[in-house]
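# Observations on chain architecture
So the chains spell out like this:
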Amino acid sequence: MYRVRQNSSAGVLLCLALALLLQGCKANRREAAAIKIRWAHDPENLDPLQLANQTAVDANYLLNCSLLQADLVTHQFAPVLAEALPTVQFLGDSLMRLHYSLRPEATWDNGRPVLATDVAFTLKLMFCPGLPNETPSSEYRFIREILLDPNNPRRFSLVCTGQAVEYVQASGDFFVLPEASLDPGGEMRRFSLADLQHRPATALPNAVLQALAQRYAAAAPGQTPERLPGCGPYRLVKWEKDRYLRFRRKPHWWADRVRPRPVLLEARPARLQYVIIPDAATASLALQRGDLDVFPQMPTREFTRLRTSPAARATLNFYATASYDVTTVGFNTRHAVLADALTRQALSRCLDAAGVLKANELRQGQRTVGLISPSDRLNYNDSLTPVPFDPAGAVRLLRRAGWQRAARPEAGWRRQLPQGGTQELRLVVRYRADEQLFATIALQFQAAAASIGVPVALLPTESGAFSMALRNGDFDVYVRSLRGNPFIFNFTSLLHSQSVGAGNATGFSTPESDRLIEAIAAANTQQRRAVLLRRFQALMQQQAPIVPLFFLSSHIAASKQLTGLHPSSIKPGFTATAMDWAAGPTTPQ
Amino acid sequence: MAVLTTFSFSWTQKWAFAWLGLLVAVAAVAPALPLPYLPTVPDLAHVAQAPLGPGRHWLGTDVQGRDVLSLLVFGTRTAVLLTLPAALLAACIGALAGGAAGFWGNRRRVETAYWVLAAGGAWWVLRLPAPWLGPLVAALAGARLLMSKRNRPTPGPRLPLDALVMGAATALDSIPRLVLVVAMAASAGGVSATGLLVLLTLTAWPTPARLVRAQMLRVRALPFAEAARAAGVPEWRIWLRHAMPHAIKPLESNFPLSLVSLLSLESTLSFLGVGLPPEIASWGRLMASFRQEPSAWWLLAFPTIMLVISILSLNALARWRRI
């Protein structure tokens, strides 16, 4: 009897051990399971100096750290590498000094601390000739000098030209790169930031700068970021172009030692996998099958359909927030037929923003007069009215712009040039082929333009080719979304003459708009900035290089087993690094 | 050589003829039909609307508000205007190439001047260094040919016509046609309707070429061909006037099958979004829009019905028998 009892106890113990082992396996499996997030297109380039699109920005936040970053939970800028928000010191009425101190815990992967010299080096990279730094050099030109504290290698001050309210946030919103990796001899220290900023384009080549540019090109951080490891929480494990990017969390990330740890310094998922699925319908199927865990920017109709489906509701959570993503139509002002404002105004009246918003977005969005969100009551110019859908008005404006309709309707519109010759109004619309919304806008524009005799050809383009076409000016009209934020209103990279050929795809600039953009970026009070922003919106509506149609709602569908998503109106709309698997059934790998 | 033939059609084949005739008629008069909407005009007030709903959309609308009936009618036009010419052109090219390859094989000697003429043309087309050299050489060869008409032509090396034609056909057949067309369309950055027609033709000629070549190998050895040669009829005349009419007989039953293949390919390409420009209506693209709105059954049902009936009709025609 005793033997029997002993055997039964052993059996129970064995079962318990097996159960514990299985549970352990399950837990390990859950920990090891990558969180799979859908991206609509490949980042193309992960160069921290040349962020081509939002996916590249999102990937860089995993690989690198900035001094400050927008906190999606509090909707405020918060310190990351910096210990705290910078303290502000005004110098006279035209300069300001921002005093920063870096976190003592912040280190690179080799254990070397992140120091003020790294920040100085990164700023100098932005102005070093021979590097792909057109965009940051225009955005951070307001930082005229960096002063290192001789007594504390983690303290420094940024001297800014102007006393703009947004310099506090903007001054820390760039990825800090390691000086030791690119300039081990510290040769760049002999250059001041001002030297590089004011270096004439015709200056003789400098051996140090040339060598640095060559080292940067050899590192190729755009394609092989592992050669220039940042101090972010993740490492890129594998990047299959147009298929997926796999990130693995660093086992010992410096922020693990920070106590208490803010959400921005959370890095919970052991593995993150961004799966590139351009087609939204395919991505939705993958989500429902469990091959995806998060589907951000889900098309509104699909989101609404799934939300009402009992099967989908059993496995998915749905989040809808307002966003700062504005859908725009841009005109290539470098093309002679679109160089004048009247023609652009006329064509903008062929866009039925209200109709598309109702049909495609099920009214979940906000029409707008400009690039400022209507929810920003201080800065939004509510005295303007959105551009109406008015083909008859478009005809009148075309006539005012000097266009004449040919006798035969199919011959379209022509205009005599003062220097002789004629122009023909015939347009090509480019948009990303995988976006249903853009296709609808393009189709509607084509139909409305055709109704007034303007021939329009549609050219849906693959994402990478679309970016290249915008950079090269190979379009007449484009349809795309711009991602904004509620903090920084710097339109330099989008509409300033400095950025023509880089971020300024429309090629638009006038002395007046340049001055206004610079004044907005330098405005020293919120009230002053609001006045300028309102004027800017009026000017843009009058010049119409870009026609903002509406701000979109952000829709996210995610597996119910995920927690810590923190849906937000700020891009990218959720916090990938704060997500974690909830306790419960395991997720299939 | 007179042959009395009569045609006998089953009821299925009569229905098939009627359906295909209707499609061709619809394709021909589509722009003149009193449709409530054009396929390029979206009705944003009625998006993804079911059939017989408000707004006179009798077969519903797609996810962009386009009228399904109108898309079907103009999709028919696209299908007919693309596949019929492509199949005809492919049959002509295939018949000529296969017929010539089968008739002359690799035996035909070609005058040297023709070789030089071809080399000059190729030099110019391929933009080899100093491209002007090509037309110059071709012009010299042309002059030589004109002169040789008066004198006795000098036979040059043998032209491996059969090997060339069959080699090209095998090379094309070795790559799946869908992959080939997608690759060519992608490398060109998108294709127009004319471009797609050329692509379809280029990839569809090998089958007729093989069939005609095989038949020609038999025909060229028939007594009437030997008799014509013995009577001193020129070779090209025997080929064109006497052999080719017999050699192309297999195309009669192959032509509908070729149409089926092209129709399926065009629909597949449009479904994948690599075919025609977005403003051109297509059954395949209409089917593809079902993925954006899976509850809109009419986006899948109507074009599928059209496609299936058309394919079945063409298959029925391919089975006709002569008595």
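Each residue is numbered by its place in its chain's sequence as written, counting from 1. Chain letters and ligand numbers both follow the written order, the letters beginning at A and the numbers at 1. Two thresholds apply to this predicted model, a pLDDT of at least 70 for residue-level local features and 80 or more for giving and counting side-chain atom pairs, whereas whole-chain, interface and lining totals are computed over all residues. Calculation of side-chain values draws on the structure's entire complement of heavy atoms; hydrogens and water are dropped beforehand.

### Things to note about the sheet that holds strand S15 (residues 413-416) of chain A
All names here are of chain A. What counts here: Being paired, for any two strands, means DSSP has found at least two bridges between them. Secondary structure elements follow DSSP: runs of H or I of four or more residues count as helices, runs of E of two or more count as strands, with numbering from the N terminus.
Strand order in the open sheet formed by three strands is S14-S15-S16, and the pairing between neighbours is antiparallel. At either end of the open sheet lies a strand with only one pairing partner, and these are strand S14 (404-405) and strand S16 (422-425). Relative to S16, S15 runs antiparallel, the two sharing four bridges. Its bridge partner being in S16, Gln416 is matched across the sheet by Thr422.

### Some remarks on the interface of chain A and chain B
Keep this limit in mind: Pairs of residues are marked as contacts when any of their non-hydrogen atoms sit within 4.5 Å. We define buried area as the total accessible area lost by two parts upon association, computed with a 1.4 Å probe and summed across both. A carboxyl oxygen of Asp or Glu within 4 Å of a side-chain nitrogen of Lys or Arg is what we treat as a salt bridge. Here a polar contact is taken to be a pair of N or O atoms separated by no more than 3.5 Å, where protein atoms must pair a possible hydrogen donor with a possible acceptor and residues adjacent in sequence count only if both atoms sit in side chains. Note on residue classes: Ala, Val, Leu, Ile, Met, Phe, Trp, Tyr, Cys and Pro are nonpolar, Asp, Glu, Lys and Arg are charged, and everything else, Gly too, is polar.
Chain A puts 23 residues into the contact, and the matching count from chain B is 16 residues. When chain A packs against chain B, close to 1600 Å² is buried across both sides, 58% of that on carbon and sulfur atoms. Among the residues chain A hides against chain B, the three largest losses belong to A:Arg301, A:Gln436 and A:Leu443. Together they make up 33% of the total. One can count two salt bridges joining chain A with chain B. For A:Asp279, the salt bridge identified is with B:Arg291, shortest N-O distance 3.5 Å. Inspection of the region where chain A meets chain B yields two residue pairs in polar contact (both at pLDDT 80 or more). Here the side of chain A that touches chain B is composed, by residue class, of 10 nonpolar, seven polar and six charged.

### Considering the packing of aromatic side chains
Here is the rule we go by: Stacked, edge-to-face and tilted are the three classes for Phe, Tyr and Trp ring pairs, Trp counted by its six-membered ring, which pair at centre distances within 6.5 Å; planes under 30 degrees apart are stacked, over 60 edge-to-face, the rest tilted. In this analysis the charged atom, NZ for Lys or CZ for Arg, is taken to sit over a ring once it is within 6 Å of the ring centre and within 35 degrees of the ring normal.
Evaluated as defined, the whole model comprises 16 aromatic pairs over all chains. When the ring of A:Phe491 is compared with that of A:Phe536, the centres are 4.7 Å apart and the planes differ by 25 degrees; the resulting orientation is stacked. With A:Phe491 in the loop between strand S19 (477-483) and helix H17 (492-495) and A:Phe536 in helix H19 (residues 526-543), this pair connects stretches of sequence that are 45 residues apart. Here a set of aromatic residues connected by ring pairs shows up, and it is made of A:Tyr140, A:Phe142, A:Tyr167 and A:Phe174. A cation over an aromatic ring shows up here: A:Arg480 above the ring of A:Tyr478, its NZ or CZ 4.9 Å from the ring centre. Its end group placed over the ring of B:Trp124, B:Arg127 keeps NZ or CZ at 4.8 Å from the ring centre.

### Examining the environment of B:Val308
With respect to the helices, strands and loops of the structure, B:Val308 is situated in helix H13 (residues 298-318). Placed 44 residues apart in sequence, B:Val308 and B:Ser264 show a C-alpha to C-alpha distance of 9.7 Å.

### Looking at the nonpolar core
Note on soluble globular proteins: their nonpolar side chains tend to be buried together. What counts here: Residues enter a nonpolar core if they are buried and are Ala, Val, Leu, Ile, Met, Phe, Trp, Tyr or Cys, with the set joined through side-chain atoms within 4.5 Å. Buried means the residue's accessible area, taken with a 1.4 Å probe over protein chains only, is under 20% of the maximum for its type, while exposed means over 50%, and partly exposed covers the values in between. Residue ranges assigned to each domain were obtained from an automatic or database domain assignment.
With 89 residues, the main nonpolar core has A:Leu67, A:Leu81, A:Phe247, A:Trp254 and A:Val294 as its most contacted residues. Broken down by element, the residue count for this core peaks at six residues, all from helix H3 (residues 116-125) of chain A. Looking at this core, you find at least three residues from each of domain 1 (54-226) and domain 2 (232-322 + 553-581) of chain A. When neighbours within four sequence positions are excluded, A:Trp254 is seen to be in contact with A:Cys65, A:Val80, A:Leu81, A:Arg103, A:Glu105, A:Ala106, A:Thr107, A:Cys231 and A:Leu265. One finds B:Ala16, B:Leu72, B:Leu196 and B:Met216 within the second-largest nonpolar core, a separate group that totals 67 residues.

### Structural notes on the domain arrangement of chain A
Residue and element names in this part refer to chain A. Along its sequence, chain A is carved into domain 1 (54-226), domain 2 (232-322 + 553-581) and domain 3 (326-552). Computed over C-alpha atoms only, the centres of domain 1 and domain 2 are separated by 29 Å. Taken together, the contact between domain 1 and domain 2 spans 26 residues of the former and 29 residues of the latter. Buried surface at the junction of domain 1 and domain 2, summed over both partners, amounts to about 2300 Å²; 67% is from carbon and sulfur atoms. Interface area lost by domain 1 to domain 2 is led by Leu62, Leu72 and Glu105, which between them contribute 30%. Our count for the domain 1 to domain 2 interface comes out at two salt bridges.

### A look at the environment of A:Arg155
All names here are of chain A. Mapped onto the elements, Arg155 comes out in strand S7 (residues 155-161). The spatial distance from the C-alpha of Arg155 to the C-alpha of Tyr100 is 5.8 Å, given a sequence separation of 55 residues. Not counting the four nearest positions on each side in its chain, Arg155 is found in contact with Tyr100, Ser101, Ala116, Leu148 and Asp149.

### A word on the domain arrangement of chain B
Taken domain by domain, chain B comprises domain 1 (8-105 + 162-322) and domain 2 (109-157). If you average the C-alpha positions of domain 1 of chain B and of domain 2 of chain B, the two centres end up 38 Å apart.

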